[in-house]
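An overview of the molecular structure
Listed here are the chains, written in short residue letters.
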Amino acid sequence: MSTKELVLDYLMHESFGTAVSGEFLAENFHVSRTAVWKAVNALRNDGIQIAGTPNGGYLLCDTDMLSEQIFKKEICSEQNDFPPEKIHFFTQIDSTNSYAKELLSKKNPLELNGTIILAESQTAGRGRLGRTFYSPEKNGIYLSIIYSPKEGISNPAKITAFSAVAVTRTLKKLYGVEVGIKWVNDIFAGGKKICGILTEGITNFETGRIDAAVIGIGINMKASSELPPEVIGIAGDIESYAKNTDITRSCLATNVALAVMDIFDEDYYSVMAEYKKSSILIGKQVTVHPIIGDDKSTYPATVIDIDENAALIVRLEDGCIKHLSSGEVSLHSDLQKADVLREDH
Ligand code: BTN
């Protein structure tokens, strides 16, 4: 490890919350005080906030900051053994999904398998069905993962459903919060959407095969006072419902990314059973929107199940059964409120 990495590691873990002197760090790492001073300055130049205390100590200020070093430190730790060259970090980017697709247009998808693009904020975050995804700094994490197995992707619905299960598991584990999946892959807590996932496929036109998937995940961690009008009342944040709010953004990003990459090796039917179990829609009355933007095409239905291809099974008012593999459904707002009450008690 370089002196810079050693100093950051010490400030993040050993002396967390208390100032430590340059002299002590120099002795500890068997380097000169000038080397420590240079390391601290280099970290500050990278945007890491380190305060200098009057008695010559150094203190890490923003313990929840998302920086390339802090994220790499977490995800590339000995335990995780993740290759640092597969990480692309941005303080600000238009969209991590767009960047991932750009990478895939230039390089062999197989070489990019497992690549993570993480950003502190996005200026043109994209959601499903052509919507925008509000992605301000400090409130959430925005990441894309490239998944490109040798055999290609034969079941895109699997990618979408598995990613939702991986994120759900991670949020439950880290925050101790009850979260559910609203088909296809929105994650809800307390009746509010706290995470959106956009999965995009890269098709090889010569072979007709899907060579890669870009799994884009946006998680609202903290409440935002500046929500755009179209998501007020719909969007929430995980910390408002969490039992544990000490999770740092790099810890969340690391756990989500690793969980998503690992889940694809798991048994298909068990993960699909978990997907179904986490669904917040089964038994609910919904409005089906088969064509987004065309209000005339909507119809009411009751959700009765989810099939093994992640299609939503609904019963129409005339008793007819439909398997929906695309489109969107909205919960009736009174039922959404009922969800909140049920989870609160
Ligand atoms: C949705 O709610 O419709 C899906 C939202 C997906 C947002 C994430 S944030 C990271 C990645 N980059 C994007 O532009 N979108 C996804």
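No experiment lies behind these values; they were computed from the predicted model shown.

Quick notes on the sheet that holds strand β11 (residues 285-289)
If you trace the five strands from one edge of the open sheet to the other, you get β14-β13-β12-β11-β15, paired in antiparallel fashion. The open sheet is flanked by β14 (321-324) and β15 (328-331), the only strands paired with a single partner. Recorded for the sheet is a direction-independent mean angle of 45° between the axes of neighbouring strands. Examined bridge by bridge, strand β13 (residues 312-316) and β14 share four bridges and lie antiparallel to one another. Residue Ile313 lies in a different strand from β14, and its bridge partner there is His323.

Things to note about the packing of aromatic side chains
Throughout the structure, instances matching the rule amount to eight aromatic pairs. Seen from their ring centres, Tyr10 and Phe29 are 6.1 Å apart, and the 80° between their planes marks the pair as edge-to-face. Of this pair, Tyr10 sits in helix α1 (residues 3-14) while Phe29 sits in helix α2 (residues 22-29); the two residues are 19 residues apart in sequence, bridging distant segments of the chain. The burial state of Tyr10 is the same as that of Phe29; both residues are buried. Ring plane angle 20° and centroid distance 4.1 Å describe the contact between Tyr147 and Phe264, whose orientation is recorded as stacked.

Section: the pattern of salt bridges
Scanning all chains against the criterion turns up 14 salt bridges. Salt-bridge contacts for Glu120 lead to Arg249; the nearest nitrogen and oxygen are separated by 3.0 Å. In this pair, Glu120 sits in strand β5 (residues 116-122) while Arg249 sits in helix α8 (residues 249-263), placing the two residues 129 residues apart along the sequence. The same class applies to Glu120 as to Arg249, namely buried. In this structure, Asp211 engages Arg209 in a salt bridge whose closest nitrogen and oxygen atoms are separated by 3.0 Å. On the basis of relative accessible area, Asp211 is assigned to the buried category, the value being 15%. Given a relative accessible area of 33%, Arg209 falls into the partly exposed group. Bridged by salt links that share partners, the residues Lys101, Arg126 and Glu200 form one connected network.

Quick notes on the site of the ligand
Close to the ligand lie 19 residues, the nearest being Ser95, Gln122, Arg126, Arg128 and Lys193. At 2.7 Å from an oxygen atom of the ligand is found a side-chain nitrogen or oxygen belonging to Ser95. In this structure, Thr96 approaches the ligand through a side-chain N or O atom, which is 3.0 Å from a nitrogen atom. With the chains in place, 98% of the 410 Å² that the ligand exposes on its own is no longer accessible. Broken down by element, the shell around the ligand gets its largest block of residues, four residues, from strand β9 (residues 192-204). Each residue belonging to the shell around the ligand can be placed in one class, and the counts come to five nonpolar, 10 polar and four charged.

Points about the packing of α1 against helix α3 (residues 33-45)
The interhelical angle for the contact between α1 and α3, taken along N-to-C directions, is 75°, at an axis separation of 9 Å. For the element pair α1 / α3, the angle class is roughly perpendicular. Mapping the contact onto sequence places Thr3, Lys4, Val7 and Leu8 in α1 and Ala35, Ala39, Val40, Ala42 and Leu43 in α3. Split by residue class, the contact of α1 with α3 holds seven nonpolar, one polar and one charged.

A word on α8
If you check α8, its first and last C-alpha atoms are 21 Å apart, about what 15 residues at 1.5 Å a residue would give, namely 21 Å. Most of α8 sits out of view: 12 of its 15 residues are buried. Here α8 has its buried residues at Arg249, Ser250, Cys251, Leu252, Ala253, Thr254, Asn255, Val256, Ala257, Leu258, Val260 and Ile263. Contacts from the buried residues of α8 go to α4 (68-75), β5, β6 (140-147), α7 (156-175), β10 (209-220) and α9 (268-277).

Brief notes about the pairing of β5
In summary, the side chains of a regular strand alternate between the two faces of the sheet. Judged by how many residues are buried, β5 sits mostly within the fold: seven of seven residues are covered. Both strand β4 (residues 87-93) and β5 contribute to a ladder of six bridges, which runs parallel. Note on β5: the bridge partner recorded for Ile87 is Ile116. Judged from the four bridges that link them, β5 and β6 form a sheet pairing that is antiparallel. Looking at β6, one finds that Ile116 is bridged to Ile145.

So, how was this worked out
- Residues numbered from 1 in each chain as written.
- Predicted model: local features only at pLDDT ≥ 70, side-chain atom pairs only at ≥ 80, totals over all residues.
- Heavy atoms only, no water.
- Pairing = 2+ DSSP bridges.
- Helix = DSSP H or I, 4+ residues; strand = E, 2+ residues; numbered from the N terminus.
- Axes fitted to C-alpha atoms, helices over the stretch in contact; angles between N-to-C directions.
- Phe/Tyr/Trp six-rings, centres within 6.5 Å; stacked < 30°, edge-to-face > 60°.
- Buried < 20%, exposed > 50% of the residue type's maximum accessible area, 1.4 Å probe, protein only.
- Salt bridge = Lys/Arg side-chain N within 4 Å of Asp/Glu carboxyl O.
- Near = heavy atom within 4 Å.
- Polar contact = N/O pair within 3.5 Å; in protein donor to acceptor, adjacent residues only side chain to side chain.
- Areas by Shrake-Rupley, 256 points an atom, 1.4 Å probe, with all protein chains shown as cover.
- Nonpolar A, V, L, I, M, F, W, Y, C, P; charged D, E, K, R; others polar.
- Parallel < 35°, antiparallel > 145°, perpendicular 65-115°, else oblique.
- Contact = heavy atoms within 4.5 Å.
- Expected span 1.5 Å × (residues − 1).

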